[in-house]
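Commentary on secondary and tertiary structure
For reference, the chains in residue letters:
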Amino acid sequence: MSATLNLRTMRTIAEGQVNSLKDFISLHRLKKTRGEAWFIQQEEILQHRRQVVTLIDAEITRRQEREREAA
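Residues numbered from 1 in each chain as written. Predicted model: local features only at pLDDT ≥ 70, side-chain atom pairs only at ≥ 80, totals over all residues. Heavy atoms only, no water.

Quick look at helix 2 (residues 36–70) now. Between its first and last C-alpha atoms helix 2 spans 51 Å; for 35 residues at 1.5 Å apiece the expected length is 51 Å, and the two agree. Here helix 2 has its buried residues at Trp38, Phe39, Gln42, Leu46, Val53, Ile56, Glu59 and Ile60. On its buried face, helix 2 is in contact with helix 1 (7–31). (Helix = DSSP H or I, 4+ residues; strand = E, 2+ residues; numbered from the N terminus. Expected span 1.5 Å × (residues − 1). Buried < 20%, exposed > 50% of the residue type's maximum accessible area, 1.4 Å probe, protein only. Contact = heavy atoms within 4.5 Å.)

Our next topic: the nonpolar core. Grouped together as the largest cluster of nonpolar side chains are 11 residues: Leu7, Ala14, Val18, Leu21, Ile25, Trp38, Phe39, Leu46, Val53, Ile56 and Ile60. Of all the secondary-structure elements, those providing two or more residues to this core are helix 1 and helix 2. For this core, the element with the most residues is helix 2, which contributes 6 residues. Excluding residues within four positions of it along the chain, Ile56 makes contact with Leu7, Met10, Arg11 and Ala14. (Core = buried A, V, L, I, M, F, W, Y, C linked by side-chain atoms within 4.5 Å.)

Before going further, it helps to examine the pattern of salt bridges. Taken as a whole and judged by the stated rule, the model has 5 salt bridges. Each member of the salt-bridge network shares a partner with another, and the members are Arg11, Glu15 and Asp57. (Salt bridge = Lys/Arg side-chain N within 4 Å of Asp/Glu carboxyl O.)

Attention shifts here to the packing of aromatic side chains. Evaluated as defined, the whole model comprises 2 aromatic pairs. Where Trp38 meets Phe39, the ring centres are 5.1 Å apart and the plane angle is 85°; that geometry is what we call edge-to-face. There is no split in this pair, since Trp38 and Phe39 are both buried. The residue whose ring lies beneath Arg29 is Phe39, and the NZ or CZ to ring-centre distance is 4.2 Å. Positioned above the aromatic ring of Trp38 is the side chain of Arg34, whose terminal nitrogen or guanidinium carbon lies 4.8 Å from the ring centre. (Phe/Tyr/Trp six-rings, centres within 6.5 Å; stacked < 30°, edge-to-face > 60°. Lys NZ or Arg CZ within 6 Å of the ring centre and 35° of its normal.)

What follows is the structure, encoded as structure tokens:
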């Protein structure tokens, strides 16, 4: 399956990954099953995924503005 994802689908996937990772981190904080270095690493990954969502949002907005200008 080599279908190209549109921006809305990519955003939905990225946002789902952010939410899943937040839940995963919270669960492990409650259970105290991981060391602090693991949490630091996961928080960095979470920050990156949040940035991906922000970049996708910016691209969606940019394209919408370009379409309005063209109309």
